[in-house]
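# Coordinate inspection notes
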Number of protein chains: 2
Amino acid sequence: MFREQEIRQGEVQVAVPEQVDAWLIYIGRIHTPWTSRMECPRQGRHDGPLCRIEIFSPWVQGLQDVGLYERLEVLYWLDHSRRDLILQSPKSDGTTRGVFSIRSPVRPNPIATSIVQFERIEGNMLYVRGMDCLDGTPLLDIKPDRTLFSPLAAAQPGDFQVGD
Amino acid sequence: MFREQEIRQGEVQVAVPEQVDAWLIYIGRIHTPWTSRMECPRQGRHDGPLCRIEIFSPWVQGLQDVGLYERLEVLYWLDHSRRDLILQSPKSDGTTRGVFSIRSPVRPNPIATSIVQFERIEGNMLYVRGMDCLDGTPLLDIKPDRTLFSPLAAAQPGDFQVGD
């Protein structure tokens, strides 16, 4: 199950620094069938339920041309997650893994990324399949899937740089 | 070229809401060969230059087991980017695209994601190939590439849900 606030055997907690280095705006909200963290998929599936991503004003016009891409990368904020566990026990059996070696929702910056299947746009609503989050999760960003996207702007020197 | 602060023909600017919905911590810093935004690759390449990701205290222990994955997803903060252009002209020719249909660094929440090739870990330094950002860019998160990662925790009901 998704953790609530407990710390499991073997897990290592750190004191999170109090500085605020940057700030986020919620640009929308994700509507899914899951209202309990015990129900959410671990990983979304492209034949999963239709989910609705609501875009808030003033960002709606940014949806223009999104339908050019069959798959999208969605970034969202796991606002129920604690942020202070650097070693975690995903199986609750005391076997720990570093936080950067797992895709746990518990992270220093709890940003989740999913690749979803585009379905359609209606007004300020984007319909997709492949989400895995709780109903009401705050939206941070939408981008074309990197494997489908070619930069429109001219290449730069770094694009040709290989190396040591 | 990467934009500095100019607005190009046809681009649409909005007033960014003043609310701060969530806050980020910089957990490290990315060291690359590129010190000008005119040099950075548009897209990183896995045969590109070796780059060094420095992890700050208290997060270093979170690197444990990261080397189990050949590819990693890196999230970073584009701290030089403006955030208020919802229609953009990537070719500077007045042809606009919605911000969510491009992978421009200019976005409401300027979080970039890259898939990189793991090379090695030395102390608090993670060496990778495939970055595309300026030297000194703040690090937000590291996760295993989704295509290589299987959840360790038991499946939940949503994992089996297909649907309408």
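Above this text is the structure in question.
What counts as what
- Residues numbered from 1 in each chain as written.
- Chains lettered and ligands numbered in written order.
- Predicted model: local features only at pLDDT ≥ 70, side-chain atom pairs only at ≥ 80, totals over all residues.
- Heavy atoms only, no water.
- Salt bridge = Lys/Arg side-chain N within 4 Å of Asp/Glu carboxyl O.
- Helix = DSSP H or I, 4+ residues; strand = E, 2+ residues; numbered from the N terminus.
- Buried < 20%, exposed > 50% of the residue type's maximum accessible area, 1.4 Å probe, protein only.
- Least-squares fit on C-alpha atoms with pLDDT ≥ 70 in both.
- Contact = heavy atoms within 4.5 Å.
- Buried area = accessible area lost by both parts, 1.4 Å probe.
- Polar contact = N/O pair within 3.5 Å; in protein donor to acceptor, adjacent residues only side chain to side chain.
- Nonpolar A, V, L, I, M, F, W, Y, C, P; charged D, E, K, R; others polar.
- Pairing = 2+ DSSP bridges.
- Axes fitted to C-alpha atoms, helices over the stretch in contact; angles between N-to-C directions.

So, about the pattern of salt bridges. Taken as a whole and judged by the stated rule, the model has 22 salt bridges over all chains. The salt bridge partner of D141 of chain A is R107 of chain B, with a shortest N-O separation of 2.6 Å. Note that D141 of chain A is positioned in strand 10 (residues 137-144) and R107 of chain B in the loop between strand 7 (97-98) and strand 8 (111-122), a pairing that runs across two chains. Residue R107 of chain B is classed as buried on the basis of its relative accessible area, which comes to 0%. One network of salt bridges, in which partners are shared, links E73 and R146 of chain A together with R103 of chain B.

Attention shifts here to the relation of the copies chain A and chain B. Aligned on chain B, chain A shows an RMSD of 0.0 Å; the corresponding rotation is 180° and the shift along the axis is 0.0 Å. Both copies are brought into coincidence by an operation consistent with a two-fold rotation axis. Among all residues of chain A, the minimum C-alpha distance to the rotation axis is found for W23 of chain A, at 2.2 Å. A shared binding surface is used by both copies, with 100% of the interface residues of chain A retained as interface residues in chain B.

Turning next to the interface of chain A and chain B. Listed per partner, the contact involves 87 residues of chain A and 87 residues of chain B. Taken as a group, F100, R103 and Q156 of chain A account for 10% of the area that chain A buries against chain B, more than any other trio of residues on that side. Remark: the boundary between chain A and chain B carries six salt bridges. As a salt-bridge pair, R97 of chain A and D65 of chain B come within 3.7 Å of each other at their nearest N and O atoms. Summed over the shared surface of chain A and chain B, the number is 61 residue pairs in polar contact (both at pLDDT 80 or more). Looking at the side of chain A that touches chain B residue by residue, the classes come out as 51 nonpolar, 16 polar and 20 charged. Here strand 2 (residues 22-24) of chain A runs beside strand 2 (residues 22-24) of chain B; their pairing, made up of three bridges, is antiparallel. Following the sheet pairing, A22 of chain A is matched in strand 2 of chain B by L24 of chain B.

Bringing the sheet that holds strand 10 (residues 137-144) of chain B into the picture now. By definition, the strands of a sheet pair up through backbone hydrogen bonds, in either a parallel or an antiparallel sense. All names here are of chain B. Around the barrel, which closes on itself, the six strands sit in the order 3-4-9-8-5-10 with antiparallel pairing between neighbours. Here the average twist between neighbouring strands, direction ignored, is 45°. Where strand 3 (residues 28-31) and strand 4 (residues 50-55) come together, four bridges link them in antiparallel fashion. Paired with G28 across the strands is I55, a residue of strand 4.

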